[in-house]
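# Structural characterization, general
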Amino acid sequence: MSERKRLLLHVCCAPCASHVIELLVHDHDVTLFFYNPNIEPFEEFVKRKEQMQVLLSKMPLAESISLLDCDYDGAIFCDAVEDFRELPEGGARCEICFRLRLEQTAKYAKAHSFDVFGTTLTVSPHKNAQLINRIGDEASNSIGVAYLSSDFKKQGGYQRSVELSELYGLCRQNYCGCEIARNG
C-alpha cells in the first residue's frame, strides 16, 4: 500500500472545491489553499471564503481537511492584468490570473513540505484545463514541487459539483471572480 501524499489544493470557491475534495480526500492528506487576489469586490472575496467554511462544516470526511486562508490583496491581480483589461474572457488575462495563483500555491507547497499541489480550477467548463495544467507544470518545474495534473470537469465532474452545491446549500456565483469578467 502506498503512502498518502500531502496535497496543497488551491481552491477558488466552495462549489468547485466540493467535487474535487470528494475525489481526492480518499488518497491524499488534503489542505486547502484559498488564494484568490482576482476576486472583486472584497465583499465577494469574503462571501466565497465563508462558503468554503460552510462546505467544510457539512461535507463528510472534511473534518480531516484544513483551510489556509490567505489575506486579500486585489492590487496584486489588478497590477498583473493592467495591460490586459480589455481582452475577452479566456485569453491572456486569464492566463496571467492562473499563473499568479498556481505559482503562489507552488511556492507555499514547497516552503511547507507538501508532496504535491493542485487546483480546483479545472472543474469549471469555462476554464481551459490544458492551459491550467501547462501553467501548473511550469510552476512545478521552476519551484520544485510536484503538480497534480487534472481535468476535474470530465466524467460528470462539473455536474457533480452542481449537485453537491445544492446538497450543501452553497451559493453558486455566475462569474470567475474578477470584475472584468463580471462586467464583461
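Structure first, text after, so check above.
To keep things clear, this report deals only with the structure shown in the data block. (Residues numbered from 1 in each chain as written. Predicted model: local features only at pLDDT ≥ 70, side-chain atom pairs only at ≥ 80, totals over all residues. Heavy atoms only, no water.)

## Notes on the overall build of the protein
Scanning the protein from N- to C-terminus turns up seven helices and five strands. Overall, the protein shows an N-to-C arrangement of helices and strands of β-α-β-α-β-α-α-β-α-β-α-α. Against the globule reference of 16 Å for 184 residues, the protein gives a C-alpha radius of gyration of 15 Å, in line with a compact fold. Oriented by its inertia axes, the alpha-carbon framework of the protein measures out at about 50 × 40 × 30 Å. When each of the 184 residues of the protein is scored for burial, the buried share is 48%. Taking the contacts inside the protein whose residues are at least 6 apart along the sequence as the reference set, 74% of them involve residues at least 24 apart. Charged side chains of the protein number 20 positive and 26 negative; the gap between the two group centres comes to 3 Å. (Helix = DSSP H or I, 4+ residues; strand = E, 2+ residues; numbered from the N terminus. Rg over C-alpha atoms; globule rule 2.2 N^0.38 Å. Buried < 20%, exposed > 50% of the residue type's maximum accessible area, 1.4 Å probe, protein only. Contact = heavy atoms within 4.5 Å. Lys, Arg positive; Asp, Glu negative; His and termini not counted. Charge placed at Lys NZ, Arg CZ, Asp CG, Glu CD.)

## A look at the environment of Gly118
For Gly118, the position within the fold is in strand S4 (residues 116-119). Assessed through its relative accessible area of 1%, Gly118 is described here as buried. Sequence separation of Gly118 and Ile132 is 14 residues, and the distance between their C-alpha atoms is 9.9 Å. Those residues within four positions of Gly118 in sequence are excluded, and the remaining contacts are Leu7, Leu8, Leu9, His10, Thr105, Tyr147 and Leu148.

## What to know about unusual backbone geometry
Cis geometry is found at the peptide bond from Glu40 to Pro41, where omega equals -10 degrees. Here Pro41 lies in the loop between strand S2 (28-34) and helix H2 (42-58). We note that Ser113 has phi near 60 degrees; this positive angle belongs to a residue other than glycine. Following the sequence through the fold, Ser113 ends up in the loop between helix H4 (92-111) and S4. The class for Ser113 is exposed, based on a relative accessible area of 54%.

## Considerations on the pattern of salt bridges
Across all of its chains, the model carries 10 salt bridges by this definition. Measuring nitrogen to oxygen at the nearest pair gives 3.0 Å for the salt bridge that ties Lys153 to Asp151. Here Lys153 falls in the partly exposed class, since its relative accessible area comes to 21%. Among the ionic contacts, a cluster of salt bridges with common partners joins Glu95, Arg99, Arg134 and Glu138. (Salt bridge = Lys/Arg side-chain N within 4 Å of Asp/Glu carboxyl O.)

## Structural notes on empty space enclosed by the protein
Taken as a whole, this structure holds two cavities of 30 Å³ or more when the rule is applied. Quantified by volume, the second largest cavity comes out at close to 30 Å³. Elements represented by at least two residues in the lining of the second largest cavity include exactly helix H1 (14-24) and H2. A total of four residues in the lining of the second largest cavity trace back to one element, the largest contributor, which is H2. Here the residues of the lining of the second largest cavity sort into four nonpolar, two polar and three charged. (1 Å grid on protein atoms, 1.4 Å probe; cavity = no way out; pocket = protein on both sides within 12 Å on 5 of 7 lines; lining within 4 Å. Points joined across faces, edges and corners; volume = space filled by probe spheres on them. Nonpolar A, V, L, I, M, F, W, Y, C, P; charged D, E, K, R; others polar.)

## Focus: the packing of H1 against helix H6 (residues 157-168)
The N-to-C vectors of H1 and H6 enclose an angle of 110 degrees; their axes lie 8 Å apart at closest approach. As summarised for this structure, H1 and H6 are arranged roughly perpendicular, according to the angle between their axes. For H1 against H6, the interelement crossing comes out right-handed. Across from Pro15, Ser18, His19 and Glu22 in H1, the residues of H6 making contact are Gly157, Arg160, Ser161, Leu164 and Ser165. Here the residues of the contact of H1 with H6 are counted per class, giving two nonpolar, five polar and two charged. (Axes fitted to C-alpha atoms, helices over the stretch in contact; angles between N-to-C directions. Parallel < 35°, antiparallel > 145°, perpendicular 65-115°, else oblique. Left-handed = near helix turned anticlockwise from the far one by under 90°.)

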